[in-house]
Every structure is written in C-alpha cells, then in structure tokens.
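Observations on the three-dimensional arrangement
Here is how the chains run, residue by residue.
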Amino acid sequence: MLILRQLSALAMLVFVSSHTLFASQPVTIPPAMTDLLQQHCADCHSGSSPEAEISLDDLHELKLDDQLTVLNAALEQLHFGMMPPADADQPSSQDHQALLHWLTEQLDQQNANQLRDKLRRPEYGNHVDHDALFSGEHVNRPGFTENRRWLISEYIFDAKFNRILNHQVHVNIDGKRQFVTGSNKRRVNLTNPFLLPNHSGVRYYANETLNGGHLLTMLTNAKEAGAYMLYLAGRDQRYLPAVTQLLALETQHAKTLAARERFLNQHLETVLVNQFGNQHAKLLPAFQPVDVPAPIPNDGSVKKAPFHAANPGNKELELVFRSMQRHQADGLSDQQLVERCEREWFYHGHNPRTIQARITFLNNYMEEFRGQIKQHRYAEKYKPVEYRPLSESEMQTIQTTIGKHRSAGDRYDAIIQKCMEQWQQEFKQARIDAGPADPALVTELVQQLFEKILERPPSEGEQEKHVALATHFLNGLGNQEGVKKLIQTLILNTDFVYRSEFGQGDADQYGRRMLSPRDASYALSYALTDNGPDNELQTAAREGRLKSREDYEREVRRMLARRDLYSIIDESVHRPNDLSSFTRMPIREHRFIREYFGYQRLLPIFKDNKRFGASYDAAKLRLVSETDRLVDHLLEQDQNVFYELLTTDKFYVFHSGDNEVMQASADRIRRIYDYFKDKNWNEFEVEDLGNHKEFIAAEKMRGIDVSRLFKDRRYNPLNAFKSQLASFTLRLDKGQTAAAPYNSFPAHGMANAASRYGGRFQSPEVARFYNIDMADWDYQAIQPATVRHRKGLLTSPAWLIAHAKNTETDPIQRGKWIREKLLAGTIPDVPITVDAVIPEDPHKTLRQRMEAKTGDQSCWKCHQHMNPLGLPFESFDDFGRYRSEERLEYPENLLKKVQDKGAPHEDLRDIYKTLPVVTAGALSGTGDNRLDGDVENAFDLIDRLAQSDRARQTMIRYAFRYFMGRNETLSDSKTLIDADHAYLESGGSFDELIVSLLTSDSFIYRKPNPDTL
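Residues numbered from 1 in each chain as written. Predicted model: local features only at pLDDT ≥ 70, side-chain atom pairs only at ≥ 80, totals over all residues. Heavy atoms only, no water.

The chain appears in an unreviewed UniProt entry as Haem-binding domain-containing protein from Stieleria bergensis.

Dropping the structure here:
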C-alpha cells in the first residue's frame, strides 16, 4: 500500500508541477489591443465563416477557456510571422511588439501559454531567428539556463542500474580483455521506460516529465532490482554491509532450509527406509501406473520424428538418466527398467502427464537414448549422488519432523512440503524472538542505500524520515521483505529518475547563480557520458574545485582526452563475437554526430534481399558499424570536422578499423594464391594436398585439417581447398592489388579475417552499397580509403537508406533534413487534409511522379523548400547505390528474372527497364549569394553547403541543443558566437567547440525563471 501511495503522490506531483491552479476570471481586453486586433485581424477572423474557425467577434464575452484558445492561436501566428498574411497591411514594429507582449502576459498570468511550451520542444528550435543569433546584436544579453530537474535518458537509466546491480561486462577487444559500458544484458529483467524518439537530430531534451507509464514501469523495476540487490548482498558482504548484517540470521536460516530440502530431494527414500524399516513399504501410496500410447512400430509404416525433435530437453534427459542409473541391473529388460523408473517418479509425486511423456519417450527412443548416453558421456557427467548424512543434530531434526508429519499414503513431495513448512515457521519465530534491529544498524542501512541508489548521503531530514520508515518496514514485514521495500522506496524516489541542476550561492548582477559543485559534476559527466561523475569529478566537487569557468574547462578537457573507457555504441549492432560497435571516445561526443545525421535510423527499415541482390539484413548492420567507425575516425582527427563530415570521400568498406590486421589478412590470401596459381591446383586429388602439407598448415587454410588429408562421409578437405582457391582466384586474377578477406564458404576454424572481438569477419555484401563489384574488387586494406561517387555522410549509404522508404528513395525527407539540419529552416507539418501519397506510374521516374504531385501552388508553398534540396540525391537509389538510371521496378517492366541464390560475388537482382535520372536542384537559404542558386547534382550541392557559414552555424546550434538539453534563445547569442569562433580558430576542432559550450554562461549559470520568451 505504501508503494501505491507513493505512486499516487508522484503522479499528483507531476500533475501539479505542470498545471498550477489559477483564477477562472475571463481576460479583460484593453481598448488599444481591441483596436489592433480589429485593424489587422478582423477581416479574416470575423463573420459567419472565419479563417481557421477562429473568430474575434465578441472576444471579451467568451468563456475563459475559449478566450485562451483564441489568444494562443493569435500569439503563435504573430510570433512565427505567419499573420497577418504577407499581402495584407502589416502592423508597425511597435504595435507588433505591444500585441506580442500583451498576449504573452495574459497567457502567462493564466499559466496557459502553449507557445512557451512549444518553443521548448526540439522541433521548434529553428524558429529563433538565425541571423539575430549570430549577428552580434544580442551578445550583451547574459546567458543562463533556468533551474531544472531533467528526466534521465534511456542511456542514463541503464547506466544507473548497471552500477547499482554490479553489472560489469568485459569484451575481448584486439586480443585484450576490456571493461565496456553500454552493454545492458543484465541478469535482472528490467524494462527501460525512458526510450527516446527515433528521429534524426537532438533526441534528449530537458522538457519531459514523469507520467503514469513511467511510474508503473518503475514500480516493476524496483521490485526486480530490490530482489537482486538482496541476492548480491548475500553473495558479497562488501556490497551492502548493513544488509548483510541485518539479514545474517535470515541468511543462515535460508541456507539451512536449502540444505535440508536439497538433501531430502536427493535421499528421502534412503532416510525413510532407515527410519521406518519394514513399515516403509506399507506407508507408501498404492502405485497407479499411467496410460501410455502403444509404441510406434519399427516396420516403417509410421514415420517417427528424429531424436532431436522428440527428446524432452536436457534437464529431463538428465533426470531420466539418473533414474535409469539408479535402477539398472543385470538381466533387467527395458520394460522392467522403465516400470521401476515410473514407480520412483510416482512415489516422488511427479506430475502424471510428465511421467506419461517420459515413458512414451523411452518406449519409442530407448535405443537412440542409449546412443546419446554413450556419445555424450552421461556416466561421466552425471555420476551417482552418494548418500552422505548431514550432521547428527540435523539428521535428528529431520527424522523427528518426518516422524511427526508422515502419514500413510503420502508421496515424497508431500512429506518434504510438510517438513519445510514447519521449519519455516520455526525459523520465523526465532527471528521474531531475536528482537528488532539495532537502531544504529538501521541508520547505516539508510545511509548505504542512499549512497548506492541515489549516489549521495541523505540529508538530516531524509535520514530521520527514512530510518523511521525502515524501522516500520522491518518490524512489520521482517528483515528481508523490509529491506526490499526500502530499496523499492528509494528507487521510486523522484531523485532517482531526475537530474537536478540548480544554482547555488550568491547571485550576480543578473540574478544568475553557478551550479552547485555536485550538480555541476553530474552536468559535466552527463554532457559527455551516460555515467555519473568519475572519481576525479567527485573529488573536484568535494574539494571545492568546481566553482569557476577554469575548473569546468580543466575537467572537460580531461574527459575529452580519455581513451581508456570503451563504450558500446549500439547494442542492436554489437555482436559479441563478430561485429564490433564500440568507441573509446566520450560516448555522447560520438552520439551527437550519429543522432544529428540519423543514419542509424536505417536499422528498422525493411528492405528486400532480392532487390538488394544479396543478404541485406546482415550487410546493414556492418554498414552502420562502419559508418560509426568513420565518425570515430573524423572525431579522432579533430580537424575541420564539420567540413570533413560533409565532404570526405574516404570510407570504411568491409574493414575492422585495424589496418595492420586487415593488411595481414589480405596478404595471407595473396600468399596462398601466389603459391598455388601455377600448380594446376584445379586438377588436384586429395593425395596431392599432402605434398603441400607444411604450407597449408602454416597458412591455416580454412576447413583443412592437415592431420586428416583423406575423405570420409562428412569431411572432404579437397572440396574446401578448391573452394578457397577458386574464390581467391576470382579476387586476384584480374590484376587486383589485394583481395577482400571474406570467407569462401562456411566452416569451423580460422576465418580469412577476424573482427576486433576475435570472431569471424563477415558480411562482405556491404560492398554492394558502394557499387563495388565483388567479382572484381580492388580491395583497400588500409582504410578509410577513397570510394568513387561519394562525398561525405550525405552520400553514405547509411544516411541515404535512413532517409528513404522501403522500396524507393525519399527526396522530400532528404531535402527536409538539409533545410532543417544545415540551413536552420522550418517546414510545417503536413496538413491532415492533404493526401501525401505519390501516385504510381510504371512509365515514369519518381522525380516525374513527385513533381506532378507537389507542383501545384498549394503544395509548392512548402515543397519549394525541400524538393530542390532532395532531388540532387536521386543519383543514389534507396539502397544508397550510385546510379545514372532509375530501375522501373514494376512487373510489366521486368526484362530478366535472375536466380534467387548464388555465390557471394554474384548480383542476384532482377533486371528491369530504366529511365535516366535527373539530378538538377537548387540551393537557397544560405544567406550567401555566391552559394545560392541552381546545382547540377548532389556533389555540387554538398560542395556549396560545406562552404556555407550558415550550415556550419546550424550544426553548432544543434550541438548547443544536444549538450544543453534545450533550445537556444537570443540570450544564448554570445555562447553560440563564441563556440563558432572557438571552432574556426582551432582549425575545426569539435573538442574545442565542446569546451566552449560547456564553459559558457549558458551552461554554468542558472536562474529561477527565464526572462525571455
């Protein structure tokens, strides 16, 4: 009940925090405002059919809720410059500001300003005038962020519970065992309630609040985590010493009960025979055999399922084997053995259906099972459990309790249950008799749990409150359940799911206060990582060395320079033995680029393998991983980062990121090819392999055991040899400088290349995204390397697929991304009345169909800001492959049907009619007449964007939002300009940009309330 009351209180807190009560008196409209509204708005918003169904007639007579609806609509239209219409008379600047001020004031007084809330959302960030932000006009406005409690992200949630539950994962990376963060496959089943939206740009903002879904999920999580924490405390007294001490008697009792139960389950029959002698058999229940179907005949008239499909599972096989082991005797038939086993299971109280399944299995598969027993050495793995009595006192207790409870006809499970129930009651009473917990120990418990869960000591008031609460729990529920309930209470504390960022100390002349040292340590740590402060940050906060801009800079530079912490980038890409997805950089530095471009969004997009021409699902994971690796490389270089992200022609393609290893792998293939190419290897017989035994062994040729150079039923080394040589010849006989080290065929043993995790290096089909012909692949072992027809991440297949549809490209979304993410533009949402589906036409390209759909005036009003930016990317298909012709993939356009399966190098795509793609477009909105204008193709467009100050500054605006967790305002103008200067003056260092942002007034200062809209 207490937890439910806490949930109710939390829900009420969430509600009250966002819905402060206010007076319900209608708004009084002064004459001056009435005149302005009538002069500039009444023409459209009055009469019987007002525009957008918003009428200003008799506004002063409306009910308050209706008034607020109208005022909110007016404020939003005025703020975004959408009303009055461009062709109507415009109010003077003074009148415009006066009306904005009055509308804002009235709505704020009623706590009903919807625009203020909207402007805090990520999608409204670009509505702040870009030129005003970077003009220098507003640099004298003092920067700050309002005091806030910031809901944790999905990543922080996982990191918190990983720390609390001692979940530490080590991965073999480059041959060394490394600790990694971000691997969340815990033993505890927790549900993450803080999942972020799946869109490109900034996903984690400080504008979310707790809701009922969060709270219900956290209640379940708290129960699961509490139980596991008690388990950890029982295993290691250093984990929570107070818990270990409090539960010492309970733990001892639990161990005793477990030992007795285990002993009785294994040896109860022996105990009963010893205790009751000849009376034992008379006390047994009357045996009732189960009905089983007749065995399947062996004459082939009925098809029998194979053993692997029919067996009941490993645990059941072990149990059946142990029973057979106990009852096996010379001269005993299978039928007699099965009957003895059935009697044992019956007396032990096993479920009749389970017994029936076992006997049916044995009747039909006894021969196969005996073969399994021999093959898998059951006799060695499952040796008979030797009868060893417990201590004399324990055996006396057991015999006494059995004598008290055994009745005629009892099965063994019933005897055990009655004994266990008595002992549990006796131990419970013993704990009650031991008296309440020591108050000093309860105080230690509260302090340790606060430190473990909330990462801070309790305040004096919190300690007093929670000691009383803990005492109540312990006395009412017992120590174990009481501790568990206290753990749940702290996990459900709002401090667990919120980050606190409040100013402390004396205010400056602008009313700003610096973050408290503790809050600053968390703000800095969460800016760059998903974890709480490391030891150095904690020490700096404790010693008062987080009180100045210089202190912040010291810690930021230290964290940016760390390369000893490995983080999993994406668990959906990470494969422990195969595909690496890790970074040594601060994870949130890497994640900004990843989320800004949004290329990981390709992962849930369904694509057809046949249209790809190979296995798409495997290749897409490597594509994302290698795009992550390119981002890591550019961030590590840290020079002209934004320019390189937009213009680099160097990519990773089927590469682990370790140039030395990949070169060695390619060299090995070259050695094998050179050794055999002139030896007429295609005519070899098995015996010929022996002549090259030493070479084959030295190069560890895949699938060949040099100690077994002969054929048998399941092994043919000659096939493995010829498959490799045929594949290596394909990769090198056209004059290629190096061979891509992919596997020629599936087999155990060494692969042609190893992943960073030491597993097989797979999915060479990733090359297809880059138009690489795998039958004539001039592999580059040193990467990143130049790839034709590529320029920056906007031409990377990952970004192109992420901004495409299932079966076709999406120029509108690609253009929208560029308008919003590189030109600080805004695009309204599609009106719900608009049919946005582009009609199909088997005789036209997508561009032709799209232009026909969006070319009318009502659509072009918005599409003129997207289409010209997205259409140049029609030189790439929806798989990100470069093209000059568009395949018209309709049944009537099919020219040739290609086989569905083939070798890795074969292109399995069907062949269709095509039409030339047109890649012309236009750039607008850079603010630079030298750059704006018509563009020939995507490469022309990207070159211009890369030179644009506005594009660079827009990236910086998104970086600001990412690291601050909010949208920029005009008071952040100096922060943004300083960050831009820091980036330019450092030669395009992203690290210097971060240092500038995290030491800015906007980051280090807090105020109670914002003073600007």
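Still more ground to cover, so stick around.
Before going further, it helps to examine the packing of aromatic side chains. Summed over the entire model, instances satisfying the criterion amount to 52 aromatic pairs. Taking 5.9 Å as the distance between ring centres and 55 degrees as the angle between the ring planes, the aromatic pair formed by phenylalanine 651 and tyrosine 770 counts as tilted. Remark: tyrosine 770 occurs in the loop between α33 (717–732) and β10 (785–786) and phenylalanine 651 occurs in strand β9 (residues 650–651); sequence separation between them is 119 residues. Ring geometry for tyrosine 882 versus phenylalanine 939: centroids 6.4 Å apart, planes at 35 degrees, classification tilted. Taken as a pair, tyrosine 882 in the loop between α38 (867–870) and β11 (885–887) and phenylalanine 939 in helix α39 (residues 938–946) lie far apart in primary sequence, 57 residues in all. Exposure remark for tyrosine 882: the relative accessible area of 26% places this residue in the partly exposed category. (Phe/Tyr/Trp six-rings, centres within 6.5 Å; stacked < 30°, edge-to-face > 60°. Helix = DSSP H or I, 4+ residues; strand = E, 2+ residues; numbered from the N terminus. Buried < 20%, exposed > 50% of the residue type's maximum accessible area, 1.4 Å probe, protein only.)

This paragraph deals with the environment of aspartate 943. Mapped onto the secondary structure, aspartate 943 falls in helix α39. For aspartate 943, a relative accessible area of 29% gives the class partly exposed. Sequence separation of aspartate 943 and lysine 791 is 152 residues, and the distance between their C-alpha atoms is 8.7 Å.

Attention now goes to the nonpolar core. One finds Phe597, Phe769, Leu794, Ile818, Leu822, Phe963 and Phe990 to be the most contacted residues of the largest nonpolar core, which totals 111 residues. The residues touching isoleucine 818, leaving out its near neighbours within four places in the chain, are Leu794, Leu823, Leu869, Phe873, Leu941 and Leu945. Counting residues in hydrophobic clusters, the runner-up holds 54 residues, among them Ile156, Leu165, Ala222 and Leu240. (Core = buried A, V, L, I, M, F, W, Y, C linked by side-chain atoms within 4.5 Å. Contact = heavy atoms within 4.5 Å.)

Relative orientation of the contacting elements helix α25 (residues 549–561) and helix α42 (residues 990–998) amounts to 150 degrees, with a least axis distance of 9 Å. As α25 runs across α42, the sense of the crossing is right-handed. Listed contacts from α42 to Tyr552, Glu553, Val556, Arg557 and Leu560 of α25 are Asp991, Glu992, Ile994, Val995 and Leu998. Among the residues forming the contact of α25 with α42, the class breakdown is six nonpolar, no polar and four charged. (Axes fitted to C-alpha atoms, helices over the stretch in contact; angles between N-to-C directions. Left-handed = near helix turned anticlockwise from the far one by under 90°. Nonpolar A, V, L, I, M, F, W, Y, C, P; charged D, E, K, R; others polar.)

Here the bond from glutamine 783 into proline 784 is cis, since omega is 10 degrees, no more than 30 degrees from zero. Examined against the element boundaries, proline 784 turns out to sit in the loop between α33 and β10. Residue asparagine 111 is not a glycine yet carries a positive backbone phi of 50 degrees. Secondary-structure assignment places asparagine 111 in the loop between α4 (93–109) and α5 (114–118).

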